[in-house]
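Take a look at the letters that make up each chain.
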Amino acid sequence: MILAFDGSPVDGRAYLDVVGLARHAPAWLNDTVSAWSTYGLALFVVLMTIGWWLARRADAAASVTALAVPVVVAVAFGVDTVLKLVVREDRPCRSLRVTTLEACPAPGDWSFPSNHAAVAAAAAVALMFVSRRLGAVAAVAAAAMAVSRVWVGAHYPHDVAAGVVVGALTGLVVMSVLRGHLGALALRLTATRLRPLLVAP
């Protein structure tokens, strides 16, 4: 048997309230939230692609900033995954034995922090360095993703809150460090085969 942390004493009541609302919500709403929870991260890929395409028409430094966004997302995912392995919190649907919209993950698929929330928040913060407008859209989408993960029963509220913090801090730190080396990095990369990715013909 795998030893795991039970997060229900933290905000299990709030979790049950949300899952209860979902249980009595209209089918169209639950279908929409479930679809967003499952496939919504694809929107962040679209926003990152748009950011890169627009940056490429500006200058190499802007392109490097845009191309750093998926790297930031990967780093945030890695940090979040390590935290999951350290904390080892059981999924709420398992600890509280409640029926949820999303099928309850198998034991060992840890809940804290939420990967979806971390990835979405990291993308939103990193995109702010590329375009305030894209970053604002991503921020709203990230909030919706965090809420949806509780609504479908995959996470406690504290799981998604922690995921948002992990993702946002990772995005802020990595992009801030990059900003200090942006000019030199852009100059170096434009002298390589990556030039077409950085500067529009």
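Look up: the structure comes first, before these words.
Residues numbered from 1 in each chain as written. Predicted model: local features only at pLDDT ≥ 70, side-chain atom pairs only at ≥ 80, totals over all residues. Heavy atoms only, no water.

Observations concerning the overall build of the protein
Now for step 1: Tallying secondary structure elements over the protein gives 10 helices and 0 strands in all.
Now for step 2: Ordering the α and β elements of the protein from the N terminus gives α-α-α-α-α-α-α-α-α-α.
Now for step 3: With respect to the three principal axes, the spread of C-alpha positions in the protein is 55 × 40 × 25 Å.
Now for step 4: Per-residue burial for the protein yields a buried fraction of 43% across its 201 residues.
Now for step 5: Sequence-distant contacts in the protein: of pairs separated by 6 or more residues, those separated by 24 or more amount to 80%. (Helix = DSSP H or I, 4+ residues; strand = E, 2+ residues; numbered from the N terminus. Buried < 20%, exposed > 50% of the residue type's maximum accessible area, 1.4 Å probe, protein only. Contact = heavy atoms within 4.5 Å.)

Focus on the packing of aromatic side chains
Two aromatic rings are characterised by how far apart their centres lie and by the angle between their planes.
Now for step 1: Scanning all chains against the criterion turns up 2 aromatic pairs.
Now for step 2: Where Trp 52 meets Trp 53, the ring centres are 5.8 Å apart and the plane angle is 65 degrees; that geometry is what we call edge-to-face.
Now for step 3: On the accessibility criterion, Trp 53 (39% relative accessible area) is partly exposed. (Phe/Tyr/Trp six-rings, centres within 6.5 Å; stacked < 30°, edge-to-face > 60°.)

Re a nonpolar patch on the surface
Now for step 1: Together, Leu 43, Val 46, Ile 50, Trp 53 and Leu 54 make up an exposed nonpolar region whose accessible area comes to about 420 Å².
Now for step 2: Summarising the element assignment, Val 46 is placed in helix α3 (residues 41-56). (Patch = residues over 30% accessible without salt bridge, like charges linked within 9 Å, V, L, I, M, F, W, Y side chains within 5 Å. Areas by Shrake-Rupley, 256 points an atom, 1.4 Å probe, with all protein chains shown as cover. Salt bridge = Lys/Arg side-chain N within 4 Å of Asp/Glu carboxyl O.)

Some points on the nonpolar core
Now for step 1: In this structure, Phe 44, Leu 127, Ala 138, Met 175 and Leu 178 are the most contacted members of the largest nonpolar core, which totals 26 residues.
Now for step 2: At the level of elements, α3, α4 (60-87), α6 (115-128), α7 (132-151), α8 (157-180) and α9 (182-190) are the ones that each hand at least two residues to this core.
Now for step 3: Apart from residues lying up to four places away in sequence, Met 175 is in contact with Thr 65, Ala 68, Val 72, Ala 126 and Phe 129.
Now for step 4: With 9 residues, the next largest nonpolar core counts Tyr 15, Val 98, Ala 117 and Ala 146 among its residues. (Core = buried A, V, L, I, M, F, W, Y, C linked by side-chain atoms within 4.5 Å.)

Some remarks on the environment of Asp 109
Now for step 1: With respect to the helices and strands, Asp 109 occurs in the loop between α5 (92-95) and α6.
Now for step 2: Between the alpha carbons of Asp 109 and Asp 90 there is a distance of 7.5 Å; along the sequence they are 19 residues apart.
Now for step 3: A polar contact is formed between the side chain of Asp 109 and the side chain of Arg 91, at a distance of 2.9 Å. (Polar contact = N/O pair within 3.5 Å; in protein donor to acceptor, adjacent residues only side chain to side chain.)

Observations concerning α8
An α-helical turn contains 3.6 residues, so a residue and the one three or four places further along point in the same direction.
Now for step 1: Taking 1.5 Å of rise per residue, the 24 residues of α8 would be expected to cover 34 Å, and the 35 Å separating its terminal C-alpha atoms lies within 8% of that figure.
Now for step 2: Buried within α8 are the following residues: His 158, Asp 159, Val 160, Ala 162, Gly 163, Val 166, Gly 167, Thr 170, Gly 171, Met 175 and Leu 178.
Now for step 3: The secondary structure elements touched by the buried residues of α8 are α1 (8-23), α4, α6, α7 and α9. (Expected span 1.5 Å × (residues − 1).)

Some details on the pattern of salt bridges
Now for step 1: Under the defined criterion, the tally for this structure stands at 2 salt bridges.
Now for step 2: The salt bridge involving Asp 109 is made with Arg 91; its shortest N-O contact spans 2.9 Å. Highlighted residues: Asp 109 in the loop between α5 and α6 and Arg 91 in the loop between α4 and α5, separated in sequence by 18 residues.
Now for step 3: Overall, the relative accessible area of 37% leaves Asp 109 in the partly exposed class.

Details of the side chain of Asn 30
Now for step 1: With respect to the secondary-structure elements, Asn 30 resides in helix α2 (residues 27-39).
Now for step 2: Residue class for Asn 30 comes out buried when judged on its relative accessible area of 8%.
Now for step 3: Those residues in contact with Asn 30, other than ones at most four positions away along the chain, are Ala 22, Ala 25, Leu 101 and Trp 151.

Some remarks on α1
Now for step 1: With 16 residues, α1 extends just 19 Å between its outermost C-alpha atoms, more than 12% less than the 22 Å of an ideal straight helix rising 1.5 Å per residue.
Now for step 2: Where α1 bends most, at Ala 14, the angle is about 30 degrees.
Now for step 3: For α1, the full list of buried residues reads Ser 8, Asp 11, Gly 12, Tyr 15, Val 19, Gly 20 and Ala 22.
Now for step 4: Of the surrounding secondary structure, the elements contacted by the buried residues of α1 are α2, α5, α7 and α8. (Bend = angle between axes of the 7 residues up to and from the residue.)

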